[in-house]
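One-letter residues, chain by chain:
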Amino acid sequence: MKRIVTLPGDGIGPEITASALKVLEAASQHVDFKFEVEEHTIGGAAIDQDGHPFPDATKKACQAADAILLGAVGGPKWEQAERTPEAGLLEMRQTLELFANLRPVEMHDYLLKDSPLKEEIVKGTDFVMVRELTGGIYFGRPKYFDEEEAVDTLHYNRGEIERIVRLAFDLAKTRKNKVTLVDKANVLASSQLWRKVATQIAQEEYPEVEFEWMYVDNAAMQIITNPTAYDVIVTENMFGDILSDEASVITGSLGMLPSASLSQTNASLYEPIHGSAPDIAGKDIANPMSMILSVTMMLRQSFEEFEMADRIEHACAAVMDRGMRTADLGGDTSHSTFTRAVIDEINKGASS
Ligand code: NAD
Ligand code: IPM
Ligand code: MN
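As the structure is a computational prediction, the values presented were derived from the model and not from experiment. Each chain has its residues counted from 1, running along the sequence as written. Written order decides the labels, with chains lettered from A and ligands numbered from 1. Where totals are concerned, whole chains, interfaces and linings use all residues; where local detail is concerned, this predicted model gives features only for residues with pLDDT of at least 70, and gives and counts side-chain atom pairs only at 80 or more. Hydrogens and waters are ignored; side-chain quantities use all the structure's heavy atoms.

1. A short note on the site of ligand 1
For step 1, the next point in the chain: As a structural note, the neighbourhood of ligand 1 is formed by 20 residues, with Val73, Glu86, Gly275, Ala277 and Asn287 the closest of them.
For step 2, the next point in the chain: Pairing of N or O atoms within 3.5 Å defines a polar contact, subject to two protein rules: one partner must be a possible hydrogen donor and the other a possible acceptor, and residues neighboring in sequence count only if both atoms are side-chain atoms. With respect to ligand 1, the side chain of glutamate 271 contributes an N or O atom lying 3.1 Å from a nitrogen atom.
For step 3, the next point in the chain: The separation between an oxygen atom of ligand 1 and a polar main-chain atom of serine 276 is 3.1 Å.
For step 4, the next point in the chain: When ligand 1 sits alone it has 800 Å² of accessible area, and the protein chains cover 69% of it. Neighbouring residues are identified by heavy atoms, a residue being near a molecule or strand if any of them is within 4 Å of it. Using a 1.4 Å probe, accessible areas were evaluated by the Shrake-Rupley method; residue-level cover was limited to the displayed protein chains.

This is how it looks when you write it as structure tokens:
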């Protein structure tokens, strides 16, 4: 029996988590996969209920889980909180040592007409952004601001860079054998260390993998003008945050991209790359794909349930092929109707 901890969080988090669980439940009917779900609070919901955005009970449950599914956190209600929902998310990442955030950007053929970019540019896009998740400017100290001054600290040590860079090279070996390091080594000292360490690892440990580096400003342009040129892009925390939201435009919507956060000491966590989307919360219009695809990443990565993951992906493709689209992709299919269609397709696929 696999133990899945769900952290629905805020905004559209609870809607998309509930839908993805229904999809998982449907897919599990057709194979021998037994799981139990334990729901816990995080973010603003946890502030309201438990007085802390990453409560102790949530921490303990995550530490005992086989996999964790997170919706999203944050919203206007908690912007001035003493401890914000976002601070809770960062505490969770650090506590569970979720140092590697994998954000695949895959251009499914069914999305070709949804992308605002030209079809001939985006067709065949298939890369993974490997974002360092527990270091850099998000966590460096000192960090403070007062009326006159503000300080953030961008710190990395060799060990933090080595483990994420090796993970990126290992991943590339299972894919198209190419790693692109994105940095700002022409300005930032931390990037100079990234460049040095990554180049050493490339030459000494992975001579068979193609390696290149690129400045982040250039990368922001190249990724959307020539997205098929990439396989694995490895980068530090904040660059990865920004570039992955930008990369989602290739697929047509931020609501399409899933992610997996990996740890060497705890269970992996799966979550959409987007946030709590307060502007559309509770309206039954959010795109559930980012969360459904996060579930397929969980099935493959944490449970090696490839058949189930394939079944869910085929169902999503069939629904998209029929032209169903949520509002973010310009359609008028509601969140619940879309989810229902995916579930029906899973059941249909199973009986045929
Ligand atoms: P956001 O990602 O929540 O939303 C950006 C835009 O994309 C909005 O217009 C939103 O409606 C749309 N969008 C996002 N996901 C969608 C989906 N599944 N379907 C349809 N449309 C979708 O970013 P934001 O507005 O800058 O941030 C809102 C809140 O979320 C903030 O509090 C922020 O801190 C938080 N946030 C949390 C996470 C997380 O929990 N991992 C990630 C990013 C932002
Ligand atoms: C993400 C989010 C978070 C981040 C915020 C909410 C702290 O944008 O998961 O991409 O910047 O890492
Ligand atoms: Mn982000």
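2. Observations regarding the packing of helix H10 (residues 289-301) against helix H11 (residues 306-321)
For step 1, the next point in the chain: Contact pair H10 / H11: the axes reach a minimum separation of 8 Å and the direction vectors enclose 160°. One element, H10, and the other, H11, form an angle in the roughly antiparallel class. Note that H10 runs across H11; the crossing there is left-handed. Where H10 abuts H11, its residues Met289, Ile292, Leu293, Val295, Thr296, Leu299 and Arg300 lie against Phe306, Met308, Ala309, Asp310, Ile312, Glu313 and Cys316. Orientation is described by lines fitted to C-alpha atoms, with helices fitted over the stretch in contact, and by angles between N-to-C directions that extend from 0 to 180 degrees. For helices the rule is a DSSP run of H or I covering at least 4 residues; for strands it is a run of E covering at least 2, with both sets numbered from the N terminus onward. Oblique is the label for any angle not covered by the other classes, which are roughly parallel (under 35 degrees), roughly antiparallel (over 145) and roughly perpendicular (65 to 115). Here is the rule for handedness: rotate from the far helix to the near one, and if that takes an anticlockwise turn smaller than a right angle the crossing is left-handed, while a clockwise turn gives right-handed. Two residues qualify as a contact provided that any one of their heavy atoms is within 4.5 Å of a heavy atom in the partner residue.

3. Details of the environment of methionine 107
For step 1, the next point in the chain: Following the sequence through the fold, methionine 107 ends up in the loop between strand S4 (100-106) and helix H5 (119-122).
For step 2, the next point in the chain: Residue classification places methionine 107 among the buried residues on the basis of a relative accessible area of 5%.
For step 3, the next point in the chain: Along the sequence, methionine 107 and glycine 252 sit 145 residues apart, while their C-alpha atoms lie 9.4 Å from each other.
For step 4, the next point in the chain: If we skip the residues at most four places from it in the chain, methionine 107 touches Leu112, Ser115, Val122, Gly124, Thr125, Ile250 and Thr251. Buried means the residue's accessible area, taken with a 1.4 Å probe over protein chains only, is under 20% of the maximum for its type, while exposed means over 50%, and partly exposed covers the values in between.

4. Notes on the site of ligand 2
For step 1, the next point in the chain: Ligand 2 sits among Glu86, Leu89, Arg93, Arg103, Arg131, Tyr138, Asp241 and Ile273.
For step 2, the next point in the chain: In this structure, an oxygen atom belonging to ligand 2 sits 2.7 Å away from a side-chain N or O atom of arginine 93.
For step 3, the next point in the chain: Aspartate 241 places a polar side-chain atom, nitrogen or oxygen, 2.9 Å from an oxygen atom of ligand 2.
For step 4, the next point in the chain: The protein chains hide 78% of the 320 Å² of surface that ligand 2 would expose on its own.
For step 5, the next point in the chain: The rule is simple: put a 1 Å grid over the protein atoms alone, call a set of points where a 1.4 Å probe fits but cannot get out a cavity, call an open set with protein on both sides within 12 Å along at least five of seven lines a pocket, and count a residue as lining if it has an atom within 4 Å of a point. In this scheme, a molecule is assigned to a cavity or pocket if more than half of its atoms are within 2 Å of the grid points. In this structure, ligand 2 is accommodated by the largest pocket.
For step 6, the next point in the chain: Ranked by the residues each element gives to the shell around ligand 2, the list is headed by helix H4 (residues 85-95), at 3 residues.

5. Section: the side chain of aspartate 10
For step 1, the next point in the chain: Mapped onto the elements of the fold, aspartate 10 is located in the loop between strand S1 (2-9) and helix H1 (13-28).
For step 2, the next point in the chain: In this charge count, Lys and Arg are treated as positive and Asp and Glu as negative; neither His nor the chain ends contribute. When a carboxyl oxygen of Asp or Glu is within 4 Å of a side-chain nitrogen of Lys or Arg, the pair counts as a salt bridge. No salt bridge is formed by the buried aspartate 10; its nearest oppositely charged neighbour, lysine 77, is found at 8.3 Å.
For step 3, the next point in the chain: Residues within four places of aspartate 10 in sequence aside, it is in contact with Ile42, Gly43, Gly44, Ala45, Ala72, Val73, Gly74, Trp78, Pro85 and Ser276.

6. Here's the deal with the domain arrangement of the chain
For step 1, the next point in the chain: One can read the domain layout of the chain as domain 1 (1-99 + 256-352) and domain 2 (116-250).
For step 2, the next point in the chain: Once you take the C-alpha centre of each, domain 1 and domain 2 turn out to be 25 Å apart.
For step 3, the next point in the chain: When two parts are brought into contact, each loses some accessible area as probed by a 1.4 Å sphere; the total of that loss over both is the buried area. For the pairing of domain 1 and domain 2, the buried interface totals around 1100 Å² over both sides, and the portion due to carbon and sulfur atoms is 68%.
For step 4, the next point in the chain: Applying the counting criterion to the domain 1 and domain 2 interface returns 0 salt bridges.
For step 5, the next point in the chain: Joining domain 1 to domain 2, the criterion identifies 1 residue pair in polar contact (both at pLDDT 80 or more).
For step 6, the next point in the chain: Every element with two or more residues in the side of domain 1 that touches domain 2 is listed here: H4 and strand S11 (260-262).
For step 7, the next point in the chain: Throughout, the ten residues Ala, Val, Leu, Ile, Met, Phe, Trp, Tyr, Cys and Pro are labelled nonpolar, Asp, Glu, Lys and Arg are labelled charged, and all others, Gly among them, are labelled polar. When grouped by side-chain class, the residues that make up the side of domain 1 that touches domain 2 number 6 nonpolar, 3 polar and 2 charged. Reported domain spans reflect what an automatic or database domain assignment gives.

7. Re the layout of surface pockets
For step 1, the next point in the chain: Grid points are joined across faces, edges and corners, and a volume is the space filled by probe spheres set on the points. There is about 680 Å³ of room inside the largest pocket.
For step 2, the next point in the chain: Around the largest pocket sit 29 residues that line it, and Glu86, Leu89, Leu90, Arg93 and Tyr138 are the ones nearest its centre.
For step 3, the next point in the chain: Elements with a contribution of two residues or more to the lining of the largest pocket: strand S3 (67-72), H4, strand S6 (140-145) and helix H9 (237-251).
For step 4, the next point in the chain: The element best represented in the lining of the largest pocket is H4, accounting for 7 residues.

8. Re the packing of aromatic side chains
For step 1, the next point in the chain: When two rings of Phe, Tyr or Trp (its six-membered ring) have centres within 6.5 Å they constitute a pair, described as stacked for plane angles under 30 degrees, edge-to-face for angles over 60, and tilted for the intermediate range. Going through the model one piece at a time under the given rule, you end up with 7 aromatic pairs.
For step 2, the next point in the chain: A centroid spacing of 5.8 Å and a plane angle of 40° characterise the contact between phenylalanine 169 and phenylalanine 211, whose relative ring orientation is tilted. Of this pair, phenylalanine 169 sits in helix H6 (residues 158-173) while phenylalanine 211 is found in strand S9 (residues 210-215), placing the two residues 42 residues apart along the sequence.
For step 3, the next point in the chain: Overall, phenylalanine 211 belongs to the partly exposed group, its relative accessible area being 22%.
For step 4, the next point in the chain: An aromatic cluster of at least three residues, connected via ring pairs, comprises Phe33, Phe35 and Phe303.
For step 5, the next point in the chain: Of note, lysine 178 hangs over the ring of tyrosine 230, and the distance from its end group to the ring centre comes to 5.7 Å. Charge-over-ring contacts are defined here by two conditions on Lys NZ or Arg CZ: a distance within 6 Å of the ring centre and an angle within 35 degrees of the ring normal.

9. Notes on the environment of cysteine 62
For step 1, the next point in the chain: On the secondary structure map, cysteine 62 appears in helix H3 (residues 56-63).
For step 2, the next point in the chain: The sequence separation of cysteine 62 and lysine 178 amounts to 116 residues, and the corresponding C-alpha distance is 33 Å.
For step 3, the next point in the chain: Beyond its immediate chain neighbours, meaning those up to four positions away, cysteine 62 contacts Val5, Leu7, Ile68 and Leu96.

10. Some details on the sheet that holds S3
For step 1, the next point in the chain: Paired strands, as defined in this entry, are two strands with at least two bridges between them according to DSSP. Reading across the sheet, the 10 strands line up as S2-S1-S3-S12-S11-S4-S5-S10-S8-S9 and stay open at both edges, with mixed pairing between neighbours. The sheet terminates laterally at strand S2 (35-39) and S9, the two strands that pair on one side only. The sheet shows a mean angle of 25° between the axes of neighbouring strands, taken without regard to direction.
For step 2, the next point in the chain: Where strand S5 (residues 126-132) and strand S10 (residues 232-235) come together, 4 bridges link them in parallel fashion.

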